[in-house]
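Below, each chain spelled out in residue letters.
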Amino acid sequence: MLLNTILLMSGTMVKVLQLLASLSILLVLHEFGHFFFARLFKTRVEKFYLFFDFLFPFSGLLNFALFKKKQGDTEFGIGWFPLGGYVKISGMVDESMDTEQLAQPPQPWEYRSKAPWQRLFIMLGGILVNVLLAIVLYIAIFSIYGEEYLPTQNAKYGIMVDSVAKTIGLHNGDMITSIDGRKIDRFNNIIPEIAFNEAKTIQLLRDGQNVNIDIKPGIVHSILTTEKGSFINTRIPLIVDEVTKGSEAAKMGLVHDDSVIAVNNIPIRFYDEFDSLKRASTGQQIVLSVIRDGQEKNVTGTVPANSKLGFLPLYDIDRFFKTEKIRYNPAQAVGKGVSYTFEKLGNYASSIKMLFTSKEVKASESVGGFISFGKIFPNEFDMEKFLMLTAFLSIVLAFMNLLPVPGLDGGYVLFLLFEIITGRKVSEKVMEKATTVGLVLILTLMVYANGMDIFRLFKK
């Protein structure tokens, strides 16, 4: 029990460290985007901070930094409040809410003295850098690792379904051929196609016969709120992977790479068949027939009340299926990196749109904070996955900052576009009030999102 707790803690710590590293990189580079264009247009930058050196959004509370160093006109530092970062640009209404400076006549080095198009680039700088970073990371990933995927037609054992999938008529072993009549080439695209495009029908092969399944209302909601990958997954033969120490499986003598072929003398091949027979034997003795080192062997135990024997099935796609591996030369990687970035950006925008347009998606179940972001990282560090997730988070950061909310980059961009189109500059008083409202709104959303994460933890 103690060992399991330690292992769980270590896995959680790895997730936390990866999230912290990823966000720190993204925040520094985002703020560098603002810094770069400000300095390019000879605008003074007073502060450049990773994290806030005050209790956001209250710029006058708990002002201290973990580290700071003055270089030229700019103070570089690391704040104590880890919910973002900022650059303080002279003559600009921002998170610091420094209105004393704005009461003085504009100086040549200040933001407010610059041409509207220059101020627009300064405000878009962070978003541009985040998009460019995602492109660069994807180019590197496709150049180094290539792209591997499972063609849908190569999932030769069909799908394994959960209780939600069964409610719409899907069966274990079904072979999905298309969604709404559109062929799905990659197995991993099946669930996104159903959820994000709110599909109406699924076409499949069952026992050699073509079957059409109607997707009932409410399924998208169930898919988005269920555990990742449990709605449907590739059906694979049952081979034992990891056995938990002290578990019933360990007492039975199950070991890694045992291939389970029968339960209580009933032949099986797949995990779903095993799981069904195991649950029917809860609290009773169970006999598993396994192939070990080419020899058949029987092991006996008792199924616990929670019906869990204590082992994980081997889920090795390469072992069971023929996957496709695409290698990219440098020129191809550039094209793929650019297209993939905007594909991901479009998918994320669609998922946000669903919060407002779909009857099945509820903000209380879909919105998350740092815990939700932390969960997407694996328990063990993997460079390819880390780079992939960092690129995705860079896209998320770019999109969220582009929202037309005062206090976010998109809010400033909205005011600047108004000025460029009408020739009338928004007054600094209006900017101050709008920024105050925007910062309170942002804080409220942050508290709500992270509060929902905590609520879900206690709800489990």
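Before reading on, note that the structure itself is shown above.
Because the structure is a prediction, the values reported are computed rather than measured. (Residues numbered from 1 in each chain as written. Predicted model: local features only at pLDDT ≥ 70, side-chain atom pairs only at ≥ 80, totals over all residues. Heavy atoms only, no water.)

Colleague: Teacher, can you tell me more about the pattern of salt bridges here?
Modeller: Any two side chains of opposite charge can pair, so long as their charged atoms come close to each other. Within the structure shown, the criterion is met by 16 salt bridges. Between Glu 419 and Arg 119 there is a salt bridge, and its shortest N-O distance comes to 2.8 Å. Of this pair, Glu 419 sits in helix H14 (residues 409-422) while Arg 119 sits in helix H3 (residues 116-144); the two residues are 300 residues apart in sequence, bridging distant segments of the chain. Among the residues examined, Arg 119 registers a relative accessible area of 4% and is labelled buried. Between Asp 275 and Lys 278 there is a salt bridge, and its shortest N-O distance comes to 3.1 Å. (Salt bridge = Lys/Arg side-chain N within 4 Å of Asp/Glu carboxyl O. Helix = DSSP H or I, 4+ residues; strand = E, 2+ residues; numbered from the N terminus. Buried < 20%, exposed > 50% of the residue type's maximum accessible area, 1.4 Å probe, protein only.)

Colleague: Would you explain the pairing of strand S15 (residues 285-292) in this entry?
Modeller: Moving residue by residue along a regular strand, the side chains alternate between the two faces of the sheet. Of the strand pairs in this sheet, strand S13 (residues 259-263) and S15 are connected by four bridges, and their pairing is antiparallel. Each residue of the ladder has a partner; that of Ala 262, found in S15, is Ser 289. Relative to strand S16 (residues 295-302), S15 runs antiparallel, the two being bridged by eight bridges. Residue Ser 289 lies in a different strand from S16, and its bridge partner there is Asn 298. Taking the residues between adjacent antiparallel strands as the criterion, S15 and S16 are bridged by two residues, where Asp 293 takes a positive phi near 55°. (Pairing = 2+ DSSP bridges.)

Colleague: Sorry, what's going on with the sheet that holds strand S3 (residues 74-79) here?
Modeller: Strand pairing in a sheet is mediated by backbone hydrogen bonds. Such pairs are either parallel or antiparallel. Strand order in this open sheet of four strands is S2-S3-S1-S4, and the pairing throughout is mixed. With one partner strand each, in any of the chains shown, strand S2 (65-71) and strand S4 (81-89) form the two edges of the open sheet. For this sheet, the mean inter-axis angle between neighbouring strands, taken without regard to orientation, is 10°. Bridge analysis of strand S1 (residues 45-52) against S4 gives six bridges, and the strand direction is antiparallel. Across the sheet, Lys 47 pairs through a bridge with Lys 88, a residue of S4. (Axes fitted to C-alpha atoms, helices over the stretch in contact; angles between N-to-C directions.)

Colleague: How should the packing of aromatic side chains be read in this particular structure?
Modeller: Here a ring pair, both rings aromatic, is described through the centre-centre distance and the interplanar angle of the planes. Here the structure, examined in full by the defined rule, presents 28 aromatic pairs. Judged by centre distance (5.5 Å) and plane angle (85°), the rings of Tyr 348 and Phe 399 are edge-to-face. Linking Tyr 348 in helix H10 (residues 330-357) with Phe 399 in helix H13 (residues 383-402), this pair joins segments that are 51 residues apart in sequence. A cation over a ring is seen here: Arg 119 above Tyr 111, with NZ or CZ 6.0 Å from the ring centre. Positioned over the ring face of Tyr 149 is Arg 186, at 3.8 Å from the centre of the ring. (Phe/Tyr/Trp six-rings, centres within 6.5 Å; stacked < 30°, edge-to-face > 60°. Lys NZ or Arg CZ within 6 Å of the ring centre and 35° of its normal.)

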